[in-house]
Amino acid sequence: MISESLIALINALIIMTIIGLILYSTYLYVVSRRGLRPSGEKLKVYACGEDYPAEKASVSHFNLYWGAVRRVFRSSYLYIRDKMHTGILNDWYFYMTVMVLSLIIILGVTFFIR
Amino acid sequence: MNEEIIYFVITMLVFPGLLFTLIASFLTQWYYRKLYAHMQNRVGPRFIGPFGLLQPIADFLKLLFKEDITTIVARRREQALFLSLGAGACIALLAMLPFSPYPIKASYDVIIALYLTYWPTIALVLVGMMAPNPFTIIGTSRFLSLLLTYEPLWAVTLLVPVVLVARTYATSPIYSIYTSSLLAWTLWRSPIGFLALGLGLITSILVLQCKLMLKPFDIPEAETEIVAGMFTEYSGPKLAYIILLHDIEIVVYGLLIVYLYLGGPAPFDLLSIPGVLLFILKYAIVVLCLIMIKAATARFRIEQAMIVILKYAIPMGVASILIASLAPIILW
């Protein structure tokens, strides 16, 4: 069964890669054929007419992901932060033990149900 | 062996591979543009080709041969590479459906399907992040926020028919997209199947609206508010690829819903005229549902969209997967 699944995965990945490369080669061909090299204003970051320095244009990836998590689960995040962030080592040890035990119970239940 | 390779190449390049997907995505774009225009008292595409059928191809080619502008802070080649791989993943997903001459099938292949459906989404996130700009960053951040709420539900909508079939029939391969596509529609007849599939179908349409960034969930690109959001810096060939990937996603996810929930050409055979007509009709109805919601609604704010998903879609999705999982226990 595992070999069957592995063959299916490999087949899917072969199709994905070959089609991806065909489309990517088409892009490279089209771009190289035109031979146009944009310059000047076209290369600046678009900011509705405002002057926008290049170094300000990016944001750290960590903030991008973490901001999204905080936005979606804002109330849960604040609740957990206030309750769990006590600064006492024993609290941390307790929470970690609960988490590991929960994981073991979930795995055990999944195994026996199967 | 040689015959297998020939079938594999045909599956990859012709049907349901690259050629079929390109034609289907252009036709789908024409169809939804026409529908959307009529719903807004416009005529839609009409000048190129009969009834404007060739307009999407003309638009694609026009963009493809335009100047390729990449800002000094953006990555030039990787954007196109990830968009191409996203399209490739969608096409690989089509090869898992029963209409493929060389269907990719195995037990638990639903995990492969889930992996492939995440590729276009991740490609779009990366594309947004690779052209840094105040608007693309806002758009990408919004898309990531939405993604965290709707992607688990998308997995649930794929799992509902698969789990239901695996729990009801003793078939091989189990937990497979292939088997589920052939058998799931028969479960509409039982009350439990009707409930699970009905809730799953409604959830899948709602989640698809979100996944495809159609109104009222077009918050990441929010025209007139944050210029073009994630795609503000894109023009020319890369914009052509972004639009193409969007249309390919509509085709692939639409066909996935048609097969998993509505049985594809069932009760007819796909190789018969009624089968083909019914298959096209079911697909057209799924796209019609998406476009009707798009035309009838206005854009949500980001927190409104999340509340809608958390309040309505998640309970429906959880209920459908629970019913599907407990189906044998309830039936016995």
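Structural data are supplied above this passage.
Now for a description of the structure that goes with this document. Position numbers for residues start from 1 in each chain and track the written sequence from start to end. Note on labels: chains are lettered from A, ligands numbered from 1, in written order. Thresholds applied to this predicted model are a pLDDT of at least 70 for local features of residues and 80 or more for the giving and counting of side-chain atom pairs; totals over whole chains, interfaces and linings are not thresholded and use all residues.

Considerations on the overall build of chain B
Per the secondary structure count, chain B includes 11 helices and 0 strands. For chain B, the succession of helices and strands along the chain, N to C, is α-α-α-α-α-α-α-α-α-α-α. With the radius of gyration taken over C-alpha atoms, the globule rule is written as 2.2 Å times the number of residues to the power 0.38. Taken over the C-alpha trace, chain B has a radius of gyration of 20 Å; the compact-globule value for 332 residues is 20 Å, and the two agree within 12%. Dimensions of chain B along its principal axes, counting C-alpha atoms only, are 65 × 50 × 40 Å. Counting across all 332 residues of chain B, residues that qualify as buried make up 52%. Partitioning the contacts of chain B with sequence separation of at least 6, the portion at a separation of at least 24 is 76%. Secondary structure counts use DSSP, requiring at least four H or I residues in a row for a helix and at least two E residues in a row for a strand, with both numbered from the N terminus. The exposure label follows from counting other C-beta atoms within 10 Å of a residue's C-beta, where the C-beta atoms are placed from the backbone and the thresholds are 20 or more for buried and 12 or fewer for exposed, leaving partly exposed in between. We call two residues in contact whenever the C-beta atoms placed from their backbones are within 7 Å.

Details of the interface of chain A and chain B
Facing 41 residues of chain A, the contacting portion of chain B comprises 43 residues. Within the residue set of the side of chain A that touches chain B, elements represented by two or more residues are helix H1 (2-34) and helix H2 (61-72) of chain A. Per element, the largest residue contribution to the side of chain A that touches chain B is 20 residues, and it comes from H1 of chain A. Under the convention adopted here, Pro, Cys and the residues Ala, Val, Leu, Ile, Met, Phe, Trp and Tyr are nonpolar, Asp, Glu, Lys and Arg are charged, and Gly plus all remaining residues are polar. Residue classes in the side of chain A that touches chain B are distributed as 30 nonpolar, 6 polar and 5 charged.

Considerations on helix H8 (residues 191-211) of chain B
Multiplying 1.5 Å by the residue count of a helix minus one yields the expected span of that helix. Spanning 21 residues, H8 of chain B covers 29 Å between terminal C-alpha atoms, matching the ideal 30 Å at 1.5 Å per step. Positioned one or two residues after H8 of chain B, Met-213 of chain B has a phi angle of 55 degrees, which is positive.

Some points on the environment of Tyr-31 of chain B
Structurally, the position occupied by Tyr-31 of chain B is in helix H2 (residues 18-39). Measuring from C-alpha to C-alpha, the distance between Tyr-31 of chain B and Lys-62 of chain B comes to 20 Å, with 31 residues separating the pair along the chain.

A short note on unusual backbone geometry
Residues and elements named next belong to chain B. Of note, the bond from Ser-172 into Pro-173 is cis; its omega dihedral lies within 30 degrees of zero at -5 degrees. Checked against the element boundaries, Pro-173 lands in the loop between helix H6 (134-168) and helix H7 (177-183). With an omega dihedral of 10 degrees, the bond running from Ala-266 to Pro-267 counts as a cis peptide bond. Note on placement: Pro-267 falls in the loop between helix H9 (236-262) and helix H10 (273-296). At Asn-41, a residue that is not glycine, the phi angle is positive and equals roughly 60 degrees.

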